[in-house]
Amino acid sequence: MITALAGGVGAARFLQGLVKIVPEEEITVIVNTGDDIDLYGLHISPDLDIVMYTLAGIVDEEKGWGIRDDTFHCLDMLGRYGHETWFNIGDKDFATHIYRTHLLRNGLSLSEATKTLCQKLGLKVKILPMTDDKFETTIVTPDAAMHFQEYLVKRQAKDKVVNVLFEGGKEAKPAPEVVDSILNAKAVIICPSNPIVSIGAILFLNDIKKAIKETEARVAAVSPIVGGSPVKGPADKLMQGLGLDVSACAVASLYLDFLDVFIIDQADRTQKKQIENLGLHVVVTDTVMKSLEDKIRLAKVTLESVGVR
Ligand code: FO1
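Rules and cut-offs
- Residues numbered from 1 in each chain as written.
- Predicted model: local features only at pLDDT ≥ 70, side-chain atom pairs only at ≥ 80, totals over all residues.
- Heavy atoms only, no water.
- Pairing = 2+ DSSP bridges.
- Helix = DSSP H or I, 4+ residues; strand = E, 2+ residues; numbered from the N terminus.
- Axes fitted to C-alpha atoms, helices over the stretch in contact; angles between N-to-C directions.
- Core = buried A, V, L, I, M, F, W, Y, C linked by side-chain atoms within 4.5 Å.
- Buried < 20%, exposed > 50% of the residue type's maximum accessible area, 1.4 Å probe, protein only.
- Contact = heavy atoms within 4.5 Å.
- Phe/Tyr/Trp six-rings, centres within 6.5 Å; stacked < 30°, edge-to-face > 60°.
- Near = heavy atom within 4 Å.
- Polar contact = N/O pair within 3.5 Å; in protein donor to acceptor, adjacent residues only side chain to side chain.
- Areas by Shrake-Rupley, 256 points an atom, 1.4 Å probe, with all protein chains shown as cover.

## Focus: the sheet that holds strand β8 (residues 163-167)
- An order of β7-β6-β8 is seen for the three strands of this open sheet, with the pairing classed as antiparallel. Both edges of this open sheet fall to β7 (145-147) and β8, since each of them pairs with a single strand only. Averaged over all neighbouring strand pairs, the angle between strand axes comes to 30 degrees, with direction disregarded.
- Pairing between strand β6 (residues 136-140) and β8: five bridges, direction antiparallel. Bridging across to β8, threonine 138 finds its partner in leucine 165.

## Description of the nonpolar core
- In terms of nonpolar packing, the biggest core is built from 51 residues, with Leu5, Ile190, Leu238, Tyr255, Leu259, Phe262 and Ile275 touching the most fellow members.
- Among the elements that take part in this core, helix α11 (residues 248-254) stands out by supplying five residues, more than any other.
- If we ignore the near neighbours within four places in the chain, the residues touching isoleucine 275 are Ala248, Cys249, Ala252, Phe262, Ile264, Leu280 and Val282.
- Listed in part, the 39 residues of the second largest apolar core include Phe14, Ile27, Met52 and Ile67.

## Quick notes on the pairing of strand β10 (residues 218-222)
- Of all five residues in β10, four are buried; the element is thus mostly enclosed.
- With four bridges joining them, strand β9 (residues 187-190) and β10 adopt parallel strand pairing. Bridging across to β10, isoleucine 190 finds its partner in alanine 221.
- Here β10 runs beside strand β13 (residues 261-265); their pairing, made up of three bridges, is parallel. Bridging from a neighbouring strand, valine 222 pairs with isoleucine 263 of β13.

## Let's talk about the sheet that holds strand β1 (residues 2-6)
- The strand order across the open sheet built from seven strands is β5-β2-β1-β9-β10-β13-β14, with neighbouring strands paired in parallel fashion. Edge positions in the sheet fall to β5 (126-129) and β14 (281-285), since each of these pairs with one other strand and no more. Sheet twist, expressed as the mean angle between neighbouring strand axes with direction ignored, is 20 degrees.
- By the bridge criterion, four bridges tie β1 to β9 in an arrangement that is parallel. Paired with leucine 5 across the bridge in β9 is isoleucine 190.

## Quick look at the packing of aromatic side chains
- Applying the stated criterion across every chain yields a total of seven aromatic pairs.
- Measuring from centroid to centroid gives 4.9 Å for phenylalanine 166 and phenylalanine 204, while their planes differ by 50 degrees, and the two rings are tilted. Of this pair, phenylalanine 166 sits in strand β8 while phenylalanine 204 sits in helix α8 (residues 199-204), placing them 38 residues apart in sequence.
- Measuring from centroid to centroid gives 5.8 Å for tyrosine 255 and phenylalanine 258, while their planes differ by 35 degrees, and the two rings are tilted. Assigned by exposure class, tyrosine 255 and phenylalanine 258 land together as buried.

## Digging into the site of the ligand
- What surrounds the ligand is the set Gly8, Asp35, Pro46, Asp47, Trp65, Trp86, Phe87, Asn88, Asp93, Gln149, Leu152 and Val153.
- Here aspartate 35 contributes a side-chain N or O atom positioned 2.7 Å from an oxygen atom of the ligand.
- Here a nitrogen atom of the ligand sits 3.4 Å away from a polar atom, N or O, in the side chain of tryptophan 65.
- When the ligand is considered free in solution it has 530 Å² of accessible area, and contact with the protein chains removes 86% of it.
- Breaking the shell around the ligand down by element, the ones donating at least two residues are α2 (46-55) and α6 (148-154).
- The element best represented in the shell around the ligand is α6, accounting for three residues.

## With respect to the pairing of β13
- Along β13, five of the five residues are buried, which leaves the element largely enclosed by surrounding structure.
- Alternating residues of β13 divide into Val261, Ile263 and Asp265 and Phe262 and Ile264, and every residue in both groups is buried.
- By the bridge criterion, five bridges tie β13 to β14 in an arrangement that is parallel. Pairing of valine 261 across the sheet is with histidine 281, part of β14.

Next comes the structure, spelled out in structure tokens:
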């Protein structure tokens, strides 16, 4: 079993390559739920959906989220009723949130609901929410504290960040199978996702962090920072806000107490020695994934780096 820790778009693109070289049944993905939000009376799990839609081949590849060729009639009508519409949910995407919310209201946990959705979409990869409990990523700016989606989507990540909080994070427990999937893995991969609000949120769950430290599997991470910028998303603003450098090396430092291998882009090859001096094995390769071939090649390099062929 290969177990991956994932946020949204960057992780999903990496996983598209991984499923081409490892049988889907042998992959477990633990997904961040700190970005989850209740809107329009529905429970929305953006990162779970991004991974699910991408692996089911229905994602809007250009945006990296939402469903390809979706329409927005429902959102338009909500706007006509005067409801705020800053979070862009397409009509087909709405169906996912309606069905998920229906399952949750019938007493299923988020992991059970996710399993049902994945089965209906024909996925064989095991996709697990990191927790079934309440866990909400809050961004603190000089003027306010707000939900991560409000910071990212409504306010376009324009505010200065002074802190990141994980509401409910101290009490939340890993979802069933999460800890075992790490302890029993042949390799653990940290996908190229935001180190603060995606991977950082998952690792905030103590039992998950403990399992990654204890597992006998080798642990590799792909840097989400290339040439001093995130490939996608606001990782730079969040890292700066927390007083960190925006560099591959700074990400390596965040993962230091459990990582074996760090995979960085050619653009950051000058940091190789510095990261090796932290005690990590470093692989330099092309990490920017444009084509399916790029994704497959990066997945192969990652697996080889942890001795899985
Ligand atoms: N990202 C945006 O930038 N704008 C949106 O309106 C938006 C809507 C949206 C709806 C469903 C969904 O699953 C994801 C959506 N995202 C949107 C992406 C999401 O905000 C983030 O990219 C993730 O939470 C970070 O991984």
